[in-house]
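# Structural description and commentary
One letter stands for each residue in the lines below.
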Amino acid sequence: MNDWPEDGGHGRGSANSHSEGARRMRHVQRPQAPQQPPRYDQDQGYGQNQGYDQGQGYNPNFTQAQGSGYDSGYSSGQVYGGQQGGGPQGGGAQGGGRGNVPPPYTPQGPGRPAPDWRKRAKIGSIVLVVGVLAWGIGTYAWASSQMRNEVDLSKVIERPSEGDCTTYLIVGSDSREGMSAEDKKKLHTGSAAGKRTDSMMILAACSSGNTMVSLPRDSWVSIPSFVGSESGKQYPARGGSKLNAAYAMDGPELLVRTVEFNTGLRIDHYAEIGFAGFANIVDALGGVDLNIEKGFKDKKSGADFAAGEQTLNGEQALAFVRTRYAFAQSDLQRTKNQQKFLSALANQAATPGTILNPFALYPTLGAGLDTLIVDKDMSLYDLGKMFFAMKGINSGDGKSMNMPLSGGAPQNSLKWDMPKVKQLVEQIRNDEKVTVESDR
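## Structural notes on the packing of helix α7 (residues 331-349) against helix α10 (residues 380-394)
Packing of α7 against α10 leaves a shortest axis separation of 7 Å and a crossing angle of 110°. Between α7 and α10, the angle is such that the two are roughly perpendicular. Handedness of the crossing formed by α7 with α10: left-handed. Where α7 abuts α10, its residues Leu342, Ser343, Ala344, Ala346 and Asn347 lie against Phe387, Met390, Lys391, Ile393 and Asn394. For the contact of α7 with α10, the residue count by class is six nonpolar, three polar and one charged.

## Focus: the pairing of strand β4 (residues 210-214)
Summarising burial for β4: five of the five residues are buried, a large majority. Taking every second residue as pointing to the same face, both faces of β4 are buried, with Asn210, Met212 and Ser214 on one and Thr211 and Val213 on the other. Pairing of strand β3 (residues 197-205) with β4, which is carried by four bridges, proceeds in the antiparallel orientation. Its bridge partner being in β4, methionine 201 is matched across the sheet by serine 214.

## With respect to the nonpolar core
Leu203, Phe278, Phe320, Phe341, Leu345 and Met386 are the most contacted members of the largest nonpolar core, which totals 49 residues. Core analysis: the next-biggest nonpolar cluster, separate from the first, contains 34 residues, Leu169, Cys206, Ile267 and Ile373 among them.

## Points about the state of the cysteines
Covalently bonding the sulfur atom of one cysteine to the sulfur atom of another cysteine gives a disulfide. Counted according to the given criterion, the structure contains one disulfide. At a sulfur-sulfur separation of 2.1 Å, the disulfide partner of cysteine 165 is cysteine 206. Around the S-S axis, the bridge from cysteine 165 to cysteine 206 shows a dihedral of about 120° and counts as right-handed. On the criterion of sequence distance, the pair formed by cysteine 165 in the loop between β1 (148-151) and β2 (166-173) and cysteine 206 in the loop between β3 and β4 is long-range, its members being 41 residues apart. Cysteine 206 shares its class with cysteine 165; the two are buried.

## Let's talk about unusual backbone geometry
The residue serine 330 is not glycine, and still its phi comes out positive at about 50°. Secondary-structure assignment places serine 330 in the loop between α6 (314-322) and α7. Classification of serine 330 as partly exposed rests on a relative accessible area of 23%. Although it is not a glycine, glutamine 411 sits at a positive phi angle of roughly 60°.

## Observations regarding the sheet that holds strand β9 (residues 269-273)
Overall, mixed pairing links the seven strands, which are arranged β1-β14-β9-β2-β3-β4-β15 in an open sheet. Across the chains shown, the open sheet's two edge strands, defined by having one partner strand only, are β1 and β15 (398-402). Going across the sheet, the axis of each strand differs from the next one's by a mean of 25°, ignoring polarity. Bridge count for β2 against β9 is five bridges, and the pairing is parallel. The partner of valine 171 across the bridge, within β9, is glutamate 272.

## Description of the pattern of salt bridges
As enumerated under the stated definition, the model contains ten salt bridges in all. Here arginine 217 ties to aspartate 198 by a salt bridge, and the two come within 3.6 Å at their closest N and O atoms. Here arginine 217 is found in the loop between β4 and β5 (220-223), whereas its partner aspartate 198 is found in strand β3, with 19 residues between them in sequence. The exposure class of aspartate 198 is buried, given its relative accessible area of 10%. Arginine 324 serves as the salt-bridge partner of aspartate 218, at 3.3 Å between the closest nitrogen and oxygen. On the criterion of sequence distance, the pair formed by aspartate 218 in the loop between β4 and β5 and arginine 324 in the loop between α6 and α7 is long-range, its members being 106 residues apart. Comparing aspartate 218 with arginine 324, the two get one shared label, buried. Taken together, the shared-partner salt bridges in this structure form one network comprising Asp198, Arg217, Asp331 and Arg334.

Conventions and cut-offs
- Residues numbered from 1 in each chain as written.
- Predicted model: local features only at pLDDT ≥ 70, side-chain atom pairs only at ≥ 80, totals over all residues.
- Heavy atoms only, no water.
- Axes fitted to C-alpha atoms, helices over the stretch in contact; angles between N-to-C directions.
- Helix = DSSP H or I, 4+ residues; strand = E, 2+ residues; numbered from the N terminus.
- Parallel < 35°, antiparallel > 145°, perpendicular 65-115°, else oblique.
- Left-handed = near helix turned anticlockwise from the far one by under 90°.
- Contact = heavy atoms within 4.5 Å.
- Nonpolar A, V, L, I, M, F, W, Y, C, P; charged D, E, K, R; others polar.
- Buried < 20%, exposed > 50% of the residue type's maximum accessible area, 1.4 Å probe, protein only.
- Pairing = 2+ DSSP bridges.
- Core = buried A, V, L, I, M, F, W, Y, C linked by side-chain atoms within 4.5 Å.
- Disulfide = S-S within 2.5 Å.
- Salt bridge = Lys/Arg side-chain N within 4 Å of Asp/Glu carboxyl O.

Given below as structure tokens:
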């Protein structure tokens, strides 16, 4: 009996000329991957040997073995939902894979570049310079606004010709302006009304060397004709009188006119400070160091000094420059003390520690500028030149002296040695080294 199933007459031994058909087997269907677009190969293009057959659907698991009709059952290792080209984390171009495959290692970008310290230093230097300039300009503008430019030298008539040096007439007045009753008692100034000159000196700032010449207040001089600074009226000459009388008659303008008339030297700038301002400047600086060669006392000025190096505060400094009755030479010794102290004051004020330190500079300027009276043409720059010229004298770059004298005159006054005065003036006007000596 034939056990083969009926096959339409095509089984083994059939008389039919056709070959026997294949035995029927149970069909096992392989799981199909999700449909995906065909990959593109630049060399072969779409569908060539990549599982793409014309007229058939795309088989993502197509291999060369399948293409030849043989299936070994070996998986190509593809994991559905894993990385499939395109995006860095699978899922095609959008990286939208459905598996839990961790993303591949992504190398880090280049590290942060090393800081350019040279560039930073350059920027820092620029910022510092701009800040210093801004501070300097602001300070200069503020200090200039505080200056009291009250003396009008254009009112002085018949002035001498200008010389090669810059000349200043520096005056210390006994003005009590701004002082309380307690201040007057503390500083031993008394309560006299008005103001008079307590000290006068010419400072010549020259390239050949600076010269400071004290003018004794009791100098016997001629007071020339002048135009009143307030009234504008013409006043006749008065003949012989003490120098400080000129200031008492018509203030700074007549004092400048009298000095110029008697010396023949043109005064370029005028600076005046009162008792209170002088003492305040010294205190703002924290005192002034001074070497007193011989100790002295004076009840009227309040002076009480021992010999030696010491630091004078404002009260002591004022007593030092005002004392006259404790010395045999009276006013002449006082003028020498005034020169010595002003030079030491300028030497301490015109230092980087004061100029570049806002905590020292502003109090010093504030203390002095409130009571410092100058001419209308004097700038803060001119004032600085004056202080540096005085500092130079203290450092030995210059000369300090009294006006040359030839003896006594009426009213216990002092007479100038006019030949020496003329020689001194010529040397200053021509910017020559001063060789004239004062006998006193």
